[in-house]
Amino acid sequence: QVQLVESGGGLVQAGGSLRLSCAASGRNFRSYSMGWFRQAPGKEREFVAAVTGSGLSTYYAGSVKGRFTISKDNTKNTVTLQMNSLKPEDTAVYYCAAASYGDLYYQDVYNYWGQGTQVTVSS
């Protein structure tokens, strides 16, 4: 079992930045690929970004590419999502998730999920 706890959410104005962190507890963190998903009110949960177990390969949704950066620190058992140039449409609950293997764009491949952290971007 892997436990994930997100932190760093909050309220920011459009154009601002936030840094989300996900702390993992459990075995073999290095072997897990990690993803960030988000869910806005009235919307389905959507893929935001992912990083492979080694931390060397990253993937982004087109809506956040160039603005968000995902990174994985296997020495600290953490994954972060640096969010810059935030837009009101980025407002959502952001979830950290862990996957053993698979196509990281699909939420079904993730085995473990955090509780989520709220990000609100005002205009």
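Residues numbered from 1 in each chain as written. Predicted model: local features only at pLDDT ≥ 70, side-chain atom pairs only at ≥ 80, totals over all residues. Heavy atoms only, no water.

The next thing to look at is the overall build of the protein chain. If you tally the helices and strands in the protein chain, you get zero helices and eleven strands. In the protein chain, the succession of α and β elements from N to C terminus is β-β-β-β-β-β-β-β-β-β-β. In summary, the protein chain has a C-alpha radius of gyration of 13 Å against a globular reference of 14 Å for 123 residues, a match within 12%. The principal-axis extents of the C-alpha atoms in the protein chain amount to approximately 40 × 25 × 25 Å. Evaluated residue by residue, the protein chain yields a buried proportion of 42% over its 123 residues. For the protein chain, the proportion of contacts with a sequence separation of at least 24, taken over those separated by at least 6, is 57%. Separation between the mean location of the 11 positive side-chain charges and that of the 8 negative ones in the protein chain comes to 7 Å. (Helix = DSSP H or I, 4+ residues; strand = E, 2+ residues; numbered from the N terminus. Rg over C-alpha atoms; globule rule 2.2 N^0.38 Å. Buried < 20%, exposed > 50% of the residue type's maximum accessible area, 1.4 Å probe, protein only. Contact = heavy atoms within 4.5 Å. Lys, Arg positive; Asp, Glu negative; His and termini not counted. Charge placed at Lys NZ, Arg CZ, Asp CG, Glu CD.)

Moving on, we get to the packing of aromatic side chains. Each aromatic ring pair is specified by the distance between its two centres and by the angle formed by the two planes. For the structure shown, the criterion picks out seven aromatic pairs. Between the aromatic rings of Phe47 and Tyr105, the centroid separation amounts to 4.7 Å while the plane-to-plane angle is 55°, which identifies the pairing as tilted. Placement of Phe47 in strand S5 (residues 46–51) and of Tyr105 in the loop between strand S9 (92–99) and strand S10 (110–113) is noted, with a sequence separation of 58 residues between them. Feature note: the residues Phe37, Phe47, Tyr59, Tyr105, Tyr110 and Trp113 constitute an aromatic cluster, connected by ring pairs. (Phe/Tyr/Trp six-rings, centres within 6.5 Å; stacked < 30°, edge-to-face > 60°.)

Strand order in this open sheet of four strands is S1-S3-S8-S7, and the pairing throughout is antiparallel. This sheet does not close on itself; its edge strands, each paired only once, are strand S1 (3–7) and strand S7 (68–73). Ignoring which end each strand starts from, the neighbouring axes of this sheet average 15° apart. Note that strand S3 (residues 18–25) and strand S8 (residues 78–83) share six bridges and pair antiparallel. Note on S8: the bridge partner recorded for Leu20 is Leu81. (Pairing = 2+ DSSP bridges. Axes fitted to C-alpha atoms, helices over the stretch in contact; angles between N-to-C directions.)

In this section: the nonpolar core. If you look at the biggest cluster of nonpolar residues, it comprises 37 residues, and the most contacted ones within it are Leu4, Met34, Trp36, Leu81, Met83 and Tyr94. Elements supplying a minimum of two residues to this core: S3, strand S4 (33–39), S5, S7, S8, S9, S10 and strand S11 (117–122). Here this core takes six residues from S9, the largest share from any one element. (Core = buried A, V, L, I, M, F, W, Y, C linked by side-chain atoms within 4.5 Å.)

Going through the model one piece at a time under the given rule, you end up with three salt bridges. Here Glu46 and Arg38 are joined by a salt bridge, their closest N and O atoms 2.7 Å apart. Salt-bridge contacts for Asp90 lead to Arg67; the nearest nitrogen and oxygen are separated by 2.7 Å. Of this pair, Asp90 sits in the loop between S8 and S9 while Arg67 sits in the loop between strand S6 (58–60) and S7, and the two are 23 residues apart along the sequence. Across the pair, exposure class does not vary: Asp90 and Arg67 are buried alike. A cluster of three or more residues bridged by salt bridges with shared partners is formed by Arg38, Glu46, Arg67 and Asp90. (Salt bridge = Lys/Arg side-chain N within 4 Å of Asp/Glu carboxyl O.)

Applying the stated criterion across every chain, the model contains one disulfide. Between the sulfur of Cys22 and that of Cys96 lies a disulfide, 2.1 Å long from S to S. Judged by the sign of its S-S torsion, about -80°, the cystine formed by Cys22 and Cys96 is left-handed. Here Cys22 is found in strand S3, whereas its partner Cys96 is found in strand S9, with 74 residues between them in sequence. (Disulfide = S-S within 2.5 Å.)

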